[in-house]
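This is what each chain is made of:
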Amino acid sequence: MLLYFSNICSGDFMERSVLHCDANKFYASVECLYHPEIRDKPVVVGGSEETRHGIVLTGNEKAKKLYGIKTGMSLADARLLCPQLVVVPPNYPRYIRFSKMLRRIYSDYTDMIEPFGLDECWLDVTGSRLLFGTPEEIAEDIRKRVKFELGITVSVGVSWNKIFAKLGSDYKKPDAVTVINRDNYKEIVYPLPVSDLLMVGPSTTQKLKNHGIYTIGELADAPPEMLAAFLGKMGYVLHSFANGYENAPVAESGSTPLIKSVGNGITAPRDLMNEEDIKSVQYVLAESVARRLREQGLKGRVVSIGVRDKNLFSFTRQSKLSSATNDTRKLQSTALKLFNSNYSFETMPPVRSLTVSVSELCDENDSFQLDMFEDNELAERLDRLNHTVDGLKERFGSDCVRQAFLLKDEKLTGFDPYEKNIIHPVSYFR
Ligand SMILES: [Mg+2]
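In this convention, every chain numbers its residues from 1, walking through the sequence in written order. Reporting of local features is limited, given that this is a predicted model, to residues whose pLDDT is at least 70; pairs of side-chain atoms are given and counted only at 80 or more, and all residues count toward the totals for whole chains, interfaces and linings. Hydrogen atoms and water are omitted, and side-chain values are computed over all heavy atoms in the structure.

### Thoughts on the pairing of strand S11 (residues 314–325)
Pairs of strands are assigned from DSSP output, requiring at least two bridges between the strands. Only DSSP runs of H or I reaching four residues or more are called helices, and only runs of E reaching two or more are called strands; each is numbered from the N terminus. Direction of pairing for strand S10 (residues 298–309) relative to S11: antiparallel, over a ladder of eight bridges. Residue Val303 lies in a different strand from S11, and its bridge partner there is Ser319.

Laid out in structure tokens, this is it:
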């Protein structure tokens, strides 16, 4: 803060220019590109019944505005509101591809790109102004290019800090640019409800309301000590957010993974009765998770399993590995170990659904510590084998190479989690 004002006074201060680009109704827009025939109908992308109990992940303009369908609503409720609703299953590989294409456009303007979920990014364009024009011109350029090159739309907020830039991208949409500068921020930002502010969830909103604070302006004017008295440290953070004091840098490209976890799940075609069944299904899931990690150049350190038994009792367990991995066998053996130490078929009912996921992701090329207790040469050979098999599957389909033991019960293992059964990346539900 002090530094900041002294810079202004000395006259050589170059204020930061931050853009926040938000792809509008991202999943639904991408699906409408692939299915032009549904473009003018009310459309939602809905989670698969097994893994997310069938909820609305996103809807297009029509579904949301005309029928009041909201993200997070159950598909059943959404169908009640709109019987002719078109429900499309999510296709994450597709969304990840679009997310990458968006970032490729952004990277023409700056290398400081910080993704926030699959469909949002902050861009620091402070250093790009000489080359590409004012931040507003850059925002306009991006908006037009995304529409022309990808066929979807973004709304862009322009400001001197990340918080107001994000409010800007929300302010006018779709396909719009909003500039929030030092001259107009009180006019635009202050009347907005506090719940619009980043990190203000329902419980914080309620606490603020209890103290008579409804708008961002009221939050900005409140004494920070008073806020801290009922919000703790968060009180100071939110006070600085509301005043536009936020000055966290926009992370450089590649420093934050696009997604926080990769997972696959399945409700088995028949109940799983023994360890052999579990091993087979977990292998297919682990193989798909590992392949998706490798494709995105990622490794993960925490392996989680989810188990739901016949009586619909469910639990999750996780285990942290000594080093990050994207090796199928390692994931599968960890998943099986987790299962065996938490489940006993002798005393517990047959299992109905299983999930395997990996989090604490990092770049697969990140330097890593060699594991003393592991055969590192073997690990390297397995890595090459994995990538070779991935290449074959890419060209000839997911089931062109399979483990022999999976052929024992093809009914059980013949599903293709790579194309289906992908668990929604958690980061979207922040
Ligand atoms: Mg969006």
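Having seen the structure, we can now continue with the description.
### Considerations on the coordination of the magnesium ion
Any nitrogen, oxygen or sulfur atom within 2.8 Å of a metal ion counts as a donor, with the limit raised to 3.2 Å for Na, K and Ca, and since water is left out, coordination shells can look unfinished. Looking at the metal site, the magnesium ion is ligated by Asp22 (OD), Ala23 (O) and Asp119 (OD), spaced 2.1 to 2.4 Å from it. Motif for the magnesium ion, donor spacing along one chain: D-A-x95-D. On the criterion of sequence distance, the pair formed by Asp22 in strand S1 (residues 18–23) and Asp119 in the loop between strand S5 (113–116) and strand S6 (120–124) is long-range, its members being 97 residues apart. By the burial criterion, Asp22 is buried, and Asp119 matches it. Buried means the residue's accessible area, taken with a 1.4 Å probe over protein chains only, is under 20% of the maximum for its type, while exposed means over 50%, and partly exposed covers the values in between.

### Here's the deal with the pattern of salt bridges
A side chain with one charge may pair with a side chain of the opposite charge, provided their charged atoms come close. For salt bridges, the criterion is a side-chain nitrogen of Lys or Arg within 4 Å of an Asp or Glu carboxyl oxygen. Under the definition given, this model contains 17 salt bridges. For Asp108, the salt bridge goes to Arg145, with nearest N and O atoms at 3.0 Å. Separated by 37 residues along the polypeptide, Asp108 in the loop between helix H6 (92–106) and S5 and Arg145 in helix H8 (residues 135–150) bring together distant segments of the chain. A residue is classified by how much of its surface remains accessible, and Asp108, at 41% relative accessible area, is partly exposed.

### A short note on unusual backbone geometry
With an omega of 0 degrees, the peptide bond running from Lys173 to Pro174 counts as cis. If you trace the backbone, Pro174 turns up in the loop between helix H9 (162–171) and strand S8 (177–179). Residue Lys25 is not a glycine yet carries a positive backbone phi of 45 degrees. When you line up the elements, Lys25 lands in the loop between S1 and helix H2 (26–34). Phi angles above zero are rare outside glycine, and Asp175 is one such case at about 55 degrees. Tracing the backbone shows Asp175 in the loop between H9 and S8. Taking relative accessible area as the criterion, Asp175 reaches 18% and is therefore assigned buried.

### Some points on the sheet that holds S10
Read across the sheet, four strands follow the order S9-S12-S10-S11 without closing on themselves; strand pairing throughout is antiparallel. Edge positions in the sheet fall to strand S9 (261–272) and S11, since each has one partner strand and no second. With direction set aside, neighbouring strand axes in the sheet form an average angle of 15 degrees. The contact criterion used is simple: two residues touch if any of their non-hydrogen atoms lie within 4.5 Å. In this analysis an axis means a line fitted to C-alpha atoms, helices contributing only their contacting stretch, and an angle means the value between N-to-C directions, from 0 to 180 degrees. Sheet strands touched by helix H15 (residues 275–295): S9, S10, S11 and strand S12 (351–363). Its angle to S9, the strand with the most contacts, is close to 155 degrees.

### Looking at empty space enclosed by the protein
Cavity and pocket criteria rest on a 1 Å grid covering protein atoms alone: a 1.4 Å probe that fits but cannot get out defines a cavity, protein on both sides within 12 Å along at least 5 of 7 lines defines an open pocket, and an atom within 4 Å of a point defines a lining residue. Grid points are joined across faces, edges and corners, and a volume is the space filled by probe spheres set on the points. Tallying each qualifying case throughout the model produces one cavity of 30 Å³ or more. The computed volume of the largest cavity comes to approximately 30 Å³. The wall of the largest cavity is formed by 10 residues, among which Ser99, Leu102, Arg103, Leu118 and Cys121 lie closest to the centre. A total of four residues in the lining of the largest cavity trace back to one element, the largest contributor, which is H6. Within the lining of the largest cavity, the residues separate by chemical class into six nonpolar, one polar and three charged. All amino acids are sorted into three groups, where Ala, Val, Leu, Ile, Met, Phe, Trp, Tyr, Cys and Pro are nonpolar, Asp, Glu, Lys and Arg are charged, and the leftover types, Gly among them, are polar.

### A look at the layout of surface pockets
The calculated volume of the largest pocket comes to roughly 1,500 Å³. Forming the boundary of the largest pocket are 42 residues, of which Asp22, Lys25, Lys64, Asp119 and Lys173 lie nearest the centre. When residues of the lining of the largest pocket are traced back to their parent elements, those giving at least two are S1, H2, helix H4 (61–67) and H9. In terms of residue count, H2 provides more of the lining of the largest pocket than any other element does, five residues in total. Its residues assigned to classes, the lining of the largest pocket shows 16 nonpolar, 10 polar and 16 charged.

### Observations concerning helix H11 (residues 202–210)
Because the α-helix completes a turn every 3.6 residues, residues three or four places apart line up on one side. Residues Thr204, Thr205 and Leu208 constitute the buried set of H11. Buried residues of H11, viewed axially, fall in a sector of 105 degrees; they line one side. Residues of H11 that are exposed and point over 90 degrees away from its buried face: Pro202 and Asn210. Buried residues in H11 make contact with helix H12 (216–221), helix H13 (224–231) and helix H14 (233–243). A positive phi of about 75 degrees marks Gly212, the residue just after H11. Note: the arc covers the axis-to-C-beta directions of the helix.

It is worth stressing that arrangement in space is one thing and function is another; only the former is reported here.
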